[in-house]
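Working through the structure, step by step
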Amino acid sequence: MKKLFFAVMAVVIVAGTVFAGAGSDNKGGGSGGTFVGIAMPETHVLRWIKDGASLKKFAEAKGFRAQDQYANADQNLQNTQIQNFLTQGAKAIIIGCVNDGVAAAVADAARDKVTVIAYDRIIPNSADYDYYITFNNFKVGQFQGQGIERGLDLKSASAAAPKYITLFAGSPTDGNAFFFFDGAMSVLNPYIESGALIVVGPYPKTSKDTANFQRIATENWQAPVAKTRMENLLNGDAKDVTLDAVLAPNDTLARAIIEACKADAKYASKLPIVTGQDAEAASTASIKNGEQYMTVFKDTTKLAEAAIALAEAAVKGATPNIPGAVLASSIGLESIGDTGRKIVRAYLLDPVIIYRENWKDPVNAGFYTQEEIDQNNLK
Ligand code: GAL
């Protein structure tokens, strides 16, 4: 009889644990408060893992129940994850989308009167949500252009002794990629027009040159795609020149491009100036060691905290006042909130340019733990 009692108890405890965590991607989490769904696009770009964890932490700190999910750059999977959040009664869903296919899931959320916040990536072709929170992505691109301007001393360059550059862009499915590229080219185009800077490979003057932009874009920000394209450039268009710079749109792709260059004897002693963004630990280590030239630190801990403050205000029906963020329309950047179907309220946080001289800024900001420093040899 005793054995039967303990067997039944074991079943009750296991069942209780399973149902208590039903749908929870990570065990534990907030009390039975308002439920917030967190839908991140991928994990192969490491920063999103940090974003998801920060969003969950700040949501629970406010008493929300929160669940973070990752979509492996598969929009259909993310839409299913969003539907699951709706089934669980989410009152707010924070979405870093993969592509515009997310609009269908956002329409369902709107029908259920659930607040949707576009997180760091605008949700294009949708009129079914009101808020977008990101960094000033045009400025991120300008920083990348300024990094090349500084690294090549373009202000002193001339057509008599031109510098050579090749161009990469982010994923064509990501609205940010167009702002990054146009910001960088707003700095670089005058040097190209004067002949001081020569583009090797496709040259879209702006992202509106769709055909050429597609030729330099990197589907879903996949590092292997960028590495293969760089290898093809080194054996093709760039075979008979020495590249002085590569416009790389983020750190994951920057490191893949550097890997390709290091395998080419021409760059054994001197790498081109390679840009990036996200201040990923591995790239910060690379900058410290003199390989990658620069990155852009976007404190996504602050972005996550601001996004949760926005969700809290929206759920309460209050007018959001987000510390550390500025309304795009108040600085003439309303177009950043243009979904193609509606102008949503876009809140922008400020990025920080990182060179070898100030590589420690993300560490001093507490963006890295000691363990991450040790793992990436950031002494
Ligand atoms: C962009 C984001 C960048 C970078 C990139 C790759 O949308 O703004 O910071 O993370 O995605 O995932």
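Throughout what follows, the structure given in this document is the object of discussion.

What counts, and where the lines are drawn
- Residues numbered from 1 in each chain as written.
- Predicted model: local features only at pLDDT ≥ 70, side-chain atom pairs only at ≥ 80, totals over all residues.
- Heavy atoms only, no water.
- Helix = DSSP H or I, 4+ residues; strand = E, 2+ residues; numbered from the N terminus.
- Expected span 1.5 Å × (residues − 1).
- Buried < 20%, exposed > 50% of the residue type's maximum accessible area, 1.4 Å probe, protein only.
- Contact = heavy atoms within 4.5 Å.
- Phe/Tyr/Trp six-rings, centres within 6.5 Å; stacked < 30°, edge-to-face > 60°.
- Lys NZ or Arg CZ within 6 Å of the ring centre and 35° of its normal.
- Pairing = 2+ DSSP bridges.
- Axes fitted to C-alpha atoms, helices over the stretch in contact; angles between N-to-C directions.
- Near = heavy atom within 4 Å.
- Polar contact = N/O pair within 3.5 Å; in protein donor to acceptor, adjacent residues only side chain to side chain.
- Areas by Shrake-Rupley, 256 points an atom, 1.4 Å probe, with all protein chains shown as cover.
- Nonpolar A, V, L, I, M, F, W, Y, C, P; charged D, E, K, R; others polar.
- Domains from an automatic or database assignment.

Moving on to helix α2 (residues 47-61). Across its 15 residues, α2 extends 21 Å between first and last C-alpha, which sits within 8% of the 21 Å expected from 1.5 Å per residue. The complete set of buried residues in α2 reads R47, W48, D51, G52, S54, L55, K56, F58 and A59. Where α2 is buried, its residues meet β1 (35-40), β2 (65-70), β3 (92-95), β4 (115-119) and α11 (300-316).

Let's shift gears to the packing of aromatic side chains. As enumerated under the stated definition, the model contains seven aromatic pairs in all. Aromatic side chains F180 and W221 sit 6.2 Å apart centroid to centroid with 70° between the ring planes, which places their arrangement in the edge-to-face category. Residue F180 is located in helix α6 (residues 175-194), and its partner W221 is located in the loop between α7 (210-216) and α8 (223-234); the two are separated by 41 residues in the primary sequence. With a centroid separation of 4.9 Å and 65° between ring planes, the pair formed by F297 and F367 is classed as edge-to-face. One end of the pair, F297, is in strand β10 (residues 295-297); the other, F367, is in the loop between α12 (361-364) and α13 (370-375), with 70 residues separating them in the sequence. Of the residues examined, F297 reaches a relative accessible area of 6% and is grouped as buried. The exposure class of F367 is buried, given its relative accessible area of 6%. By way of ring pairs, the aromatic residues F178, F181 and F213 are connected into one cluster. Lying over the aromatic face of W48, R47 brings its terminal NZ or CZ to 3.8 Å of the ring centre. Looking at K57, its charged tip hangs above the ring of F58, at a distance of 4.7 Å from the centre.

So, about the sheet that holds strand β8 (residues 245-247). Read from one edge of the open sheet, four strands run β7-β6-β8-β9, paired in parallel fashion. Every other strand in the sheet has two partners, leaving β7 (197-199) and β9 (273-274) as the edge strands with one partner each. Pairing of β8 with β9 involves two bridges; the strand directions are parallel. If you follow V246 over to β9, its bridge partner there is V274. Sitting on the sheet, helix α5 (residues 137-151) is in contact with β6 (163-167), β8 and β9, with an inclination near 175° to β8.

Taken together, 14 residues lie near the ligand, and R47, R121, D174, D278 and K298 sit nearest. In the model, an oxygen atom of the ligand is placed 3.0 Å from a nitrogen or oxygen of the E42 side chain. Here an oxygen atom of the ligand sits 3.0 Å away from a polar atom, N or O, in the side chain of D120. Alone, the ligand offers 300 Å² of accessible surface; in the complex the protein occludes 100% of this. Mapped onto the shell around the ligand, the elements with two or more residues apiece are α2 and α6. Its residues assigned to classes, the shell around the ligand comprises four nonpolar, three polar and seven charged. Residue assignment places the shell around the ligand across two domains, with domain 1 (2-129 + 299-349) and domain 2 (137-297) each supplying three or more.

None of the figures reported here should be taken as evidence of function without further support.
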